[in-house]
Structure formats: structure tokens, C-alpha cells
Amino acid sequence: MSETSENFTNDKLHPIVQYIAVRSDLKWSKGAMIAQACHASSAAIHLNYEDQETRQYLKDLDNMHKIVVNVPNENDLIQLSEELNKNDIKFKLWMEQPENIPTSLATKPYKKNLVEQFFKTFKLFR
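What you see is a predicted model; the values in this text were computed from it and never measured.

Draft legend 1. Highlighting the nonpolar core. Core analysis: the biggest nonpolar cluster contains 18 residues, and A21, L80, L84, L105, F118 and F119 have the highest contact counts within it. Listing elements by their share of this core, those giving two or more residues are β1 (16–23), β2 (65–71), α4 (74–86) and β3 (91–96). Sequence-distant contacts of L84, that is, excluding residues within four places in its chain, are made with I89, F91, L105, F118 and F119. Formed by eight residues, the second largest nonpolar core is a distinct cluster that contains A37, A40, A44 and A106.

In C-alpha cells, the structure reads:
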């Protein structure tokens, strides 16, 4: 099996994904909440642009995977960020300005099996 074939197989078994968590208690429009998720996602990628997994994730723009989940409230979002910090998972907590409100967070791209455990209790964004 060629190196390229092996990498493709490994990517299928362990895809690189970006998790995005968005607060569901804010009574903002869906568009405003999507914008918050986009801010967090862009910032997380920018902050980790030189990271090997991030670079690999960006190589195939047509096949990027993002998983967006609802987080019930600010406290749960902060707890999630603390748990990610404890486990050395890189992410960006987005703070909407000028209000300084934590609205969302996004991980840098990771192999799904390394980060899914932190997000499995949350429902998908709808």
C-alpha cells in the first residue's frame, strides 16, 4: 500500500474535525449565532495555523468536517473550556464585544477520536 493510500485510510478511520460549541440560551437570531460560531472557528484556525493537523485540515477545503453543538448556557460553556484546558485541547473561546459575553468556542482541527469525548453530551446545533 502506498503512503498516500495509507494516509487516506487513516483519515477515513480518524477524520480531522473541528468542534464548535454555541450557547443555546441566548435569544439572538440564528444568523447572529452562526456568526458567533464563524468567529470562533476562524480564530481557532488562525491561532493554530502552523499546527500540522490544521494544515492538513485546510488542504482539502471541499471536505472539511465541522461538528456544531448546542451548549445550554454560559456556565456550561465555561466548564467546557476549563475541561478542554485541563486536557491540553487547543481552542478559542469567543467573547462578543463590547458586551464581553462568551458566546461560542471552537477547537483547532483534531482527529475526531481525540476530542469527541468532550462534546458527546451536547446535542447538535439546530
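Additional details are given in the paragraphs that follow.
Draft legend 2. Molecular detail of the pattern of salt bridges. One pass over the structure, following the stated rule, counts five salt bridges. Measuring nitrogen to oxygen at the nearest pair gives 2.9 Å for the salt bridge that ties D25 to R23. Given the relative accessible area of 6%, R23 is considered buried. The shortest N-O distance in the salt bridge between E53 and K108 comes to 2.9 Å.

Draft legend 3. Up close: helix α2 (residues 30–47). Compared with the 26 Å implied by 1.5 Å per residue over 18 residues, the 26 Å span of α2 between its first and last C-alpha is a close match. If you follow the buried residues of α2, they end up packed against β1, α3 (52–59), β2, β3 and β4 (101–107).

Draft legend 4. Here's a closer look at the side chain of K108. For K108, the position within the fold is in the loop between β4 and β5 (110–111). Polar side-chain contacts of K108 include one of 2.8 Å to the side chain of D51. With residues near it in sequence (within four places) discarded, K108 still touches V17, A44, N48, D51, E53, T54, K90 and F91.

Draft legend 5. Quick peek at the packing of aromatic side chains. For the structure on display, the rule yields one aromatic pair. Centre to centre, the rings of Y19 and F119 are 4.4 Å apart; their planes meet at 10°, and the pair counts as stacked. Of this pair, Y19 sits in strand β1 while F119 is found in the segment after α5 (112–115), placing the two residues 100 residues apart along the sequence. Accessibility assignment for this pair places Y19 and F119 in one class, buried. We note K108 situated over the ring of Y110; from NZ or CZ to the ring centre the distance is 3.9 Å.

Draft legend 6. Highlighting the confidence of the model for the protein chain. Summing up the model confidence of the protein chain, the mean pLDDT is 92 and the portion of residues at 70 or higher is 91%. Between residues 1–10, whose pLDDT stays under 50, and residues either more than four places distant or in other chains, the model counts two contacts.

Draft legend 7. A look at the environment of N100. Position of N100 relative to the elements: it lies in the loop between β3 and β4. In terms of polar contacts, N100 uses its side chain to reach the side chain of Q97, at 2.9 Å.

Draft legend 8. Representation of the environment of A35 in the model. Among the structural elements, A35 can be located in helix α2. Taking C-alpha positions, A35 is 19 Å from I78, a pair spaced 43 residues apart along the chain.

Draft legend 9. Just unusual backbone geometry, in detail. Here the amide bond leading from Q97 into P98 is cis, since omega sits at 10°, within 30 degrees of zero. Along the chain, P98 turns up in the loop between β3 and β4. The phi torsion at D88 lies on the positive side, around 55°, for a residue other than glycine. Here D88 is to be found in the loop between α4 and β3. Residue D88 is classed as exposed on the basis of its relative accessible area, which comes to 66%. Of note in the backbone geometry, N100 takes a positive phi value of approximately 60° without being a glycine. Take N100: its relative accessible area is 47%, and that puts it in the partly exposed class.

Criteria and thresholds
- Residues numbered from 1 in each chain as written.
- Predicted model: local features only at pLDDT ≥ 70, side-chain atom pairs only at ≥ 80, totals over all residues.
- Heavy atoms only, no water.
- Core = buried A, V, L, I, M, F, W, Y, C linked by side-chain atoms within 4.5 Å.
- Buried < 20%, exposed > 50% of the residue type's maximum accessible area, 1.4 Å probe, protein only.
- Helix = DSSP H or I, 4+ residues; strand = E, 2+ residues; numbered from the N terminus.
- Contact = heavy atoms within 4.5 Å.
- Salt bridge = Lys/Arg side-chain N within 4 Å of Asp/Glu carboxyl O.
- Expected span 1.5 Å × (residues − 1).
- Polar contact = N/O pair within 3.5 Å; in protein donor to acceptor, adjacent residues only side chain to side chain.
- Phe/Tyr/Trp six-rings, centres within 6.5 Å; stacked < 30°, edge-to-face > 60°.
- Lys NZ or Arg CZ within 6 Å of the ring centre and 35° of its normal.
- pLDDT = per-residue confidence, 0-100.

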